[in-house]
Amino acid sequence: MDMDEYLKAHPTDRFSRAIPPEEPAWERTLSFVGRIVSHAARAESILGMLAVVDDPGVNVTIVNTELDWGAHGASGNPLIDALRSLSERSSAVKNVADRYAAWAPIRNQIVHGVWIHENHETGSFELSKPNKGFHKKPSDDGRLRPFMRTKLDHAALIEISYAFYGLSADAMQIQHHAMAGVSIEEWPFPDYAQESQWWPPGWTPPSS
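What you see is a predicted model, and the numbers here were worked out from it, not measured in a lab.

Draft legend 1. Expanded view of the overall build of the protein chain. Scanning the protein chain for helices and strands turns up 5 helices and 3 strands. Along the chain direction, N to C, the helices and strands of the protein chain fall in the order α-α-α-α-β-β-β-α. Per-residue burial for the protein chain yields a buried fraction of 38% across its 208 residues. In the protein chain, of all internal contacts separated by at least 6 residues, the share reaching a separation of at least 24 is 60%. If you sum the accessible surface of the protein chain, you get close to 12,700 Å²; carbon and sulfur atoms cover 53% of it.

This is the structure we're talking about:
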């Protein structure tokens, strides 16, 4: 297919530019990454609302100034902290908070890392992300590491995508009860994702 035919078959921007074709393996990688970003964003949005709506009957269609809206729109550690502040009141919140805490660093690496050492044939690659504040936090072996390195492949990206999809589905299940006015202490334990899929490979689940 020449470029004229390619442009006719693909969406373009206002300057008639299309995204250039890539190697099939790299196209798959981009597709997996897009799914992770989409599922993670949805999970974070729902989890942020759970951290706000911790009382029955709250009307979240308007801004209730009596609520702490700090977690709304948050991600990473601020969202984890907000959720864990409620974990003693709800085993359901503790579950999704711990799962998000386990997968969030991987999501952060994928979104903010630079893709290096790509092998499109095998679908494997390495990510390098600047390590913020590395000069203040030596690694376990005492060395300063300005970059964080992560090795992944297509199988790992698929698993990460499903992890965030399951997390968003379970959080949505809890949110339905929260919006219906059910007390946080009675929010149901999530049951969409299988327990074996809650944690990254090699991860030690936190104690109850």
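Draft legend 2. Molecular detail of the packing of aromatic side chains. Applying the stated criterion to the full structure yields 4 aromatic pairs. Among the aromatic side chains, those forming a connected cluster through ring pairs are Phe189, Trp198 and Trp199.

Draft legend 3. Up close: the packing of helix 2 (residues 24–52) against helix 5 (residues 154–179). Contact geometry of helix 2 with helix 5 gives a least axis separation of 8 Å together with a crossing angle of 25°. Taken together, the axes of helix 2 and helix 5 lie roughly parallel to each other. Where helix 2 crosses over helix 5, the handedness of that crossing is left-handed. Of the residues assigned to the contact of helix 2 with helix 5, the class counts are 20 nonpolar, 6 polar and 3 charged.

Draft legend 4. Local environment of the sheet that holds strand 1 (residues 114–119). The strand order across the open sheet formed by 3 strands is 1-2-3, and the pairing between neighbours is antiparallel. If you trace the sheet from one side to the other, it starts and ends with strand 1 and strand 3 (147–153), each paired once. If you compare each strand with its neighbour and ignore which way they point, the axes differ by 20° on average. When strand 1 meets strand 2 (residues 124–130), the two strands line up antiparallel, connected through 4 bridges. Across the sheet, residue Ile116 finds its bridge partner in strand 2, namely Glu126.

Draft legend 5. Representation of the side chain of Asp98. By the element assignment, Asp98 lies in helix 4 (residues 91–112). Not counting residues up to four positions away in its chain, the partners in contact with Asp98 are Arg84, Trp199 and Pro206.

Draft legend 6. Structural detail: the pattern of salt bridges. Scanning the entire structure with this criterion turns up 6 salt bridges. With its nearest N and O atoms 2.7 Å apart, the salt bridge here joins Asp98 to Lys94. Of this pair, Asp98 and Lys94 both sit in helix 4, 4 residues apart, which is roughly one turn of the helix. According to the relative accessible area criterion, Lys94 is partly exposed, its value standing at 24%. Notably, a salt bridge pairs Arg149 with Glu126, separated by 3.3 Å at the nearest N-O pair. Within this pair, whereas Arg149 is found in strand 3, its partner Glu126 is found in strand 2, the two being separated by 23 residues in sequence. Beyond isolated ion pairs, a larger network of salt bridges with shared partners links Arg84, Lys94 and Asp98.

Draft legend 7. Spotlight on the side chain of Arg99. Along the chain, the position of Arg99 falls in helix 4. For Arg99, a relative accessible area of 2% translates into the label buried. At 2.9 Å, the side chain of Arg99 forms a polar contact with the side chain of Asp170.

Draft legend 8. Here's a closer look at the nonpolar core. Grouped together as the largest cluster of nonpolar side chains are 42 residues, with contacts concentrated most on Leu47, Tyr100, Ile110, Leu152, Leu157, Phe164 and Trp187. Contributions of two or more residues to this core are made by helix 2, helix 3 (76–84), helix 4, strand 2 and helix 5. Considering each element in turn, this core owes the most residues, 10 residues, to helix 4. The contacts of Phe164, once residues within four sequence positions are left out, are His39, Ala40, Ala43, Tyr100, Trp103, Ala104 and Arg107.

Draft legend 9. Quick peek at helix 5. Here helix 5 is 26 residues long and its end C-alpha atoms lie 37 Å apart, about the 38 Å a rise of 1.5 Å per residue gives. Where helix 5 begins, the capping side chain belongs to Asp153, and its oxygen is found 3.2 Å from the backbone nitrogen of Ala155. Immediately downstream of helix 5, the backbone of Gly181 shows phi near 95°, a positive value.

Reading the values: the criteria
- Residues numbered from 1 in each chain as written.
- Predicted model: local features only at pLDDT ≥ 70, side-chain atom pairs only at ≥ 80, totals over all residues.
- Heavy atoms only, no water.
- Helix = DSSP H or I, 4+ residues; strand = E, 2+ residues; numbered from the N terminus.
- Buried < 20%, exposed > 50% of the residue type's maximum accessible area, 1.4 Å probe, protein only.
- Contact = heavy atoms within 4.5 Å.
- Areas by Shrake-Rupley, 256 points an atom, 1.4 Å probe, with all protein chains shown as cover.
- Phe/Tyr/Trp six-rings, centres within 6.5 Å; stacked < 30°, edge-to-face > 60°.
- Axes fitted to C-alpha atoms, helices over the stretch in contact; angles between N-to-C directions.
- Parallel < 35°, antiparallel > 145°, perpendicular 65-115°, else oblique.
- Left-handed = near helix turned anticlockwise from the far one by under 90°.
- Nonpolar A, V, L, I, M, F, W, Y, C, P; charged D, E, K, R; others polar.
- Pairing = 2+ DSSP bridges.
- Salt bridge = Lys/Arg side-chain N within 4 Å of Asp/Glu carboxyl O.
- Polar contact = N/O pair within 3.5 Å; in protein donor to acceptor, adjacent residues only side chain to side chain.
- Core = buried A, V, L, I, M, F, W, Y, C linked by side-chain atoms within 4.5 Å.
- Expected span 1.5 Å × (residues − 1).

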